[in-house]
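Chain by chain, the residues run as shown.
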Amino acid sequence: MDFEESDILGGRLPVSPDGSWLWSELSTVGQISLAAGLVTLAVLGWQWFEPVYRQWREMRYRKAMRRKHGIPDTDNRPST
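Criteria and cut-off values
- Residues numbered from 1 in each chain as written.
- Predicted model: local features only at pLDDT ≥ 70, side-chain atom pairs only at ≥ 80, totals over all residues.
- Heavy atoms only, no water.
- Helix = DSSP H or I, 4+ residues; strand = E, 2+ residues; numbered from the N terminus.
- Buried < 20%, exposed > 50% of the residue type's maximum accessible area, 1.4 Å probe, protein only.
- Areas by Shrake-Rupley, 256 points an atom, 1.4 Å probe, with all protein chains shown as cover.
- Salt bridge = Lys/Arg side-chain N within 4 Å of Asp/Glu carboxyl O.
- Patch = residues over 30% accessible without salt bridge, like charges linked within 9 Å, V, L, I, M, F, W, Y side chains within 5 Å.
- Expected span 1.5 Å × (residues − 1).
- Bend = angle between axes of the 7 residues up to and from the residue.

### Overview of the overall build of the protein
When you go through the protein residue by residue, the secondary structure sums to 2 helices and 0 strands. For the protein, with 80 residues in total, the buried portion stands at 2%. A total accessible area of about 7,800 Å² is found for the protein, and carbon and sulfur atoms account for 62% of it.

In structure tokens form, the structure reads like this:
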């Protein structure tokens, strides 16, 4: 029997892991602030990444159409 995880009758003690102290020790205001900060970072990251993603999707679509019609990737003439 492991001494740290059981009581004298052999039952399990409600012992939390050592790594989860940060979230439980924060006040409610701290938790809300941390969550809002993470959401803000995610939104700002997406705003930065979205144009890059859209440009990549557009180029992928155009290459697929060119390949579908037999135009090689090395042909860089403008399509008019």
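### A look at the pattern of salt bridges
With the rule as written, the count across this model stands at 3 salt bridges. Between Arg-54 and Glu-50 there is a salt bridge whose closest N-O contact spans 3.0 Å. Here Arg-54 and its partner Glu-50 are both found in helix H2 (residues 28-68), 4 residues apart, which amounts to about one turn of the helix. The closest approach of N and O atoms between Arg-62 and Glu-58, which form a salt bridge, is 2.9 Å. Of the two residues, Arg-62 and Glu-58 both sit in helix H2, 4 residues apart, roughly one turn of that helix. Note on Glu-58: relative accessible area 36%, which makes it partly exposed.

### Some details on a nonpolar patch on the surface
Residues Trp-46, Trp-48, Phe-49 and Val-52 make up a contiguous nonpolar surface patch of about 470 Å² in total accessible area. Along the polypeptide, Val-52 turns up in helix H2.

### Remarks on H2
Taking 1.5 Å of rise per residue, the 41 residues of H2 would be expected to cover 60 Å, and the 56 Å separating its terminal C-alpha atoms lies within 8% of that figure. The largest bend in H2 comes to about 35 degrees, at Phe-49, with the proline Pro-51 one to four residues further on. Of the residues flanking the end of H2, it is Gly-70, one or two places downstream, whose phi is positive at about 80 degrees.

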